[in-house]
Amino acid sequence: MASTANRFSLSLPSVGSSTLKPKAFPGFFLKFENSNPLSLRVNRVAVSVSNGGVMRSARICASAPVIDQSVSEASPRAPTIVDVDLGDRSYPIYIGSGLLDRPELLQRHVHGKRVLVVTNSTVAPLYLDKVVDALTRGNPNVSVESVILPDGEKYKNMETLMKVFDKAIESRLDRRSTFVALGGGVIGDMCGFAAAAFLRGVNFIQIPTTVMAQVDSSVGGKTGINHTLGKNLIGAFYQPQCVLIDTDTLNTLPDRELASGLAEVIKYGLIRDAEFFEWQEKHMPGLLARDPSALAYAIKRSCENKAEVVSLDEKESGLRATLNLGHTFGHAIETGFGYGQWLHGEAVAAGTVMAVDMSYRLGWIDDSIVRRVHSILQQVKLPTAPPQTMTVEMFKSVMAVDKKVADGLLRLILLKGPLGSCVFTGDYDRKALDDTLHAFCKS
Ligand SMILES: NC(=O)c1ccc[n+]([C@@H]2O[C@H](COP(=O)([O-])OP(=O)(O)OC[C@H]3O[C@@H](n4cnc5c(N)ncnc54)[C@H](O)[C@@H]3O)[C@@H](O)[C@H]2O)c1
Ligand SMILES: [Zn+2]
């Protein structure tokens, strides 16, 4: 279908409690162009569970086209919006370039007059002023406090969390305050948990600034901190009012962090979206070169997958657990090797290879999937094996306290069937797990 010839007046989807009126965005057009990934809007995604409990690949249906972001130069660009459908706790994810220069997006989700921005010592010098400006421009009634935490996974603990409460209490914030998480997954998880607990719950907005946070941690409401005996063992489910993803923030992200986030992008393809995995195989060079439209598409599609899973299973009674492909092995690496040695996505990448190896040993997938997983992770320069210091015993002792242990049985996310299909199960041959651990560990 010809692209520029087909122009229609704009009808934007509902966002939160308000609906954007077309007249608020003059100059935008809908464009039918199926070759442009940004022109596709996702409706519902069908998930079916087959006989063997296999979660089949989700069908993402491209239907109504969404705004083409390149059409208007004169007006601000309209964000792509992915809705997280959770009844009265539904919220929008705004995705796009330059969104921190759009104060109205943030301000419509701020309740009350007091805001606390939670960020860290790396992100604050880069984006804190911009965010304070976005919160206050044309809005003199709002006052913004900020708390700048030390940077690093090793600070994702109770002591650092207390600094957020100290600041909130010293500033006499009340129940109508809004907490804003500005940073990567560590900040998002901690700020979200603080928002859930402060005065038994205040409003919360996520402004994720890493790929990891933009494609995964900021969406879905899992918040929390680590314990020395395991990652994310203390936390709460707590949904934000909105997630604002300004893709421009990725321009300052170190390469290693970019790659770490891509491990989660790859995960979505493997567990439920074969078409997306195939897209990644073709477009990985663009993603690594930070091509803005490739990144925007990967973020959007990842958020759609995550939003769909979370809408179907918010509290992780089954389906949501599949988002943890590679994470049981990965968490063992993060804990056993010490937080901060390997990035989360690096540990997840090695963990994914181990889960895929085990799936193959069980005869659940064919070797072409094993090869494709190795190949895509190698393209991203992510690890395809755990650190050499990891032993079978280290894996076993950390995995024994994994949150997915039920009645003493360790349930795992394993691939089963064609690309894009997985299971969450404790029903597997223990020998396959032992064989995988011995294949990847020297002792
Ligand atoms: N809640 C969830 O559902 C969920 C899902 C996945 C991961 N997580 C959690 O997320 C955490 C990992 O998140 P992460 O990978 O974002 O790590 P991170 O938050 O430590 O950020 C990585 C590094 O990048 C820096 N940084 C952030 N944004 C930047 C930017 N725009 N420019 C330059 N530097 C920037 C940070 O200061 C940090 O040094 C882990 O704690 C993990 O458990 C949670
Ligand atoms: Zn993860």
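Reading guide: rules and limits
Residues numbered from 1 in each chain as written. Chains lettered and ligands numbered in written order. Predicted model: local features only at pLDDT ≥ 70, side-chain atom pairs only at ≥ 80, totals over all residues. Heavy atoms only, no water. Axes fitted to C-alpha atoms, helices over the stretch in contact; angles between N-to-C directions. Helix = DSSP H or I, 4+ residues; strand = E, 2+ residues; numbered from the N terminus. Parallel < 35°, antiparallel > 145°, perpendicular 65-115°, else oblique. Contact = heavy atoms within 4.5 Å. Nonpolar A, V, L, I, M, F, W, Y, C, P; charged D, E, K, R; others polar. Core = buried A, V, L, I, M, F, W, Y, C linked by side-chain atoms within 4.5 Å. Buried < 20%, exposed > 50% of the residue type's maximum accessible area, 1.4 Å probe, protein only. Salt bridge = Lys/Arg side-chain N within 4 Å of Asp/Glu carboxyl O. Left-handed = near helix turned anticlockwise from the far one by under 90°.

Peer 1: Is there a simple way to think about the packing of helix α10 (residues 344-361) against helix α11 (residues 367-379) in this case?
Peer 2: Geometry of a packed helix pair, given as the angle between the helix axes and the separation of the axes. The interhelical angle for the contact between α10 and α11, taken along N-to-C directions, is 170°, at an axis separation of 10 Å. Between α10 and α11, the interaxial angle falls into the category roughly antiparallel. Where α10 abuts α11, its residues Ala349, Thr352, Val353, Val356 and Tyr360 lie against Asp367, Val370, Val373, His374 and Leu377. In the contact of α10 with α11, the residues fall into seven nonpolar, two polar and one charged.

Peer 1: Explanation requested: the nonpolar core in the structure shown.
Peer 2: Within soluble globular proteins, side chains that are nonpolar tend to cluster in buried spots. Counting 82 residues, the largest nonpolar core has Ile93, Phe329, Phe395, Leu412 and Leu433 as the members making the most contacts within it. Apart from the residues within four sequence positions on either side, Ile93 is in contact with Thr80, Ile81, Val82, Val84, Val219, Val243, Ile245 and Cys303. Ranked by size, the runner-up nonpolar core spans 23 residues in total, among them Ile81, Leu135, Val180 and Leu244.

Peer 1: What exactly am I supposed to notice about the pattern of salt bridges here?
Peer 2: Opposite charge on two side chains makes pairing possible when the charged atoms of those side chains draw close. For the coordinates displayed, the defined rule picks out 21 salt bridges. Two residues, Glu314 and Arg89, come together in a salt bridge whose shortest N-O distance is 2.6 Å. With Glu314 in the loop between α8 (292-312) and α9 (327-337) and Arg89 in the loop between β7 (80-84) and β8 (91-96), this pair connects stretches of sequence that are 225 residues apart. Judged by its relative accessible area of 39%, Arg89 falls in the partly exposed class. Here Glu346 ties to Arg256 by a salt bridge, and the two come within 2.7 Å at their closest N and O atoms.

Peer 1: Help me understand the packing of α9 against α10 in this model?
Peer 2: Look at α9 against α10: their axes get within 7 Å of each other, and the N-to-C directions meet at 135°. What the angle tells us is that α9 and α10 run oblique. In this structure, α9 crosses over α10, and the sense of that crossing is right-handed. Residues His327, Phe329, Gly330, His331, Ile333 and Glu334 of α9 lie in contact with α10, whose contacting residues are His344, Ala347, Val348, Ala350, Gly351, Met354, Ala355 and Met358. A per-class count over the contact of α9 with α10 returns eight nonpolar, five polar and one charged.

Honestly, it's all geometry; don't read function into it.
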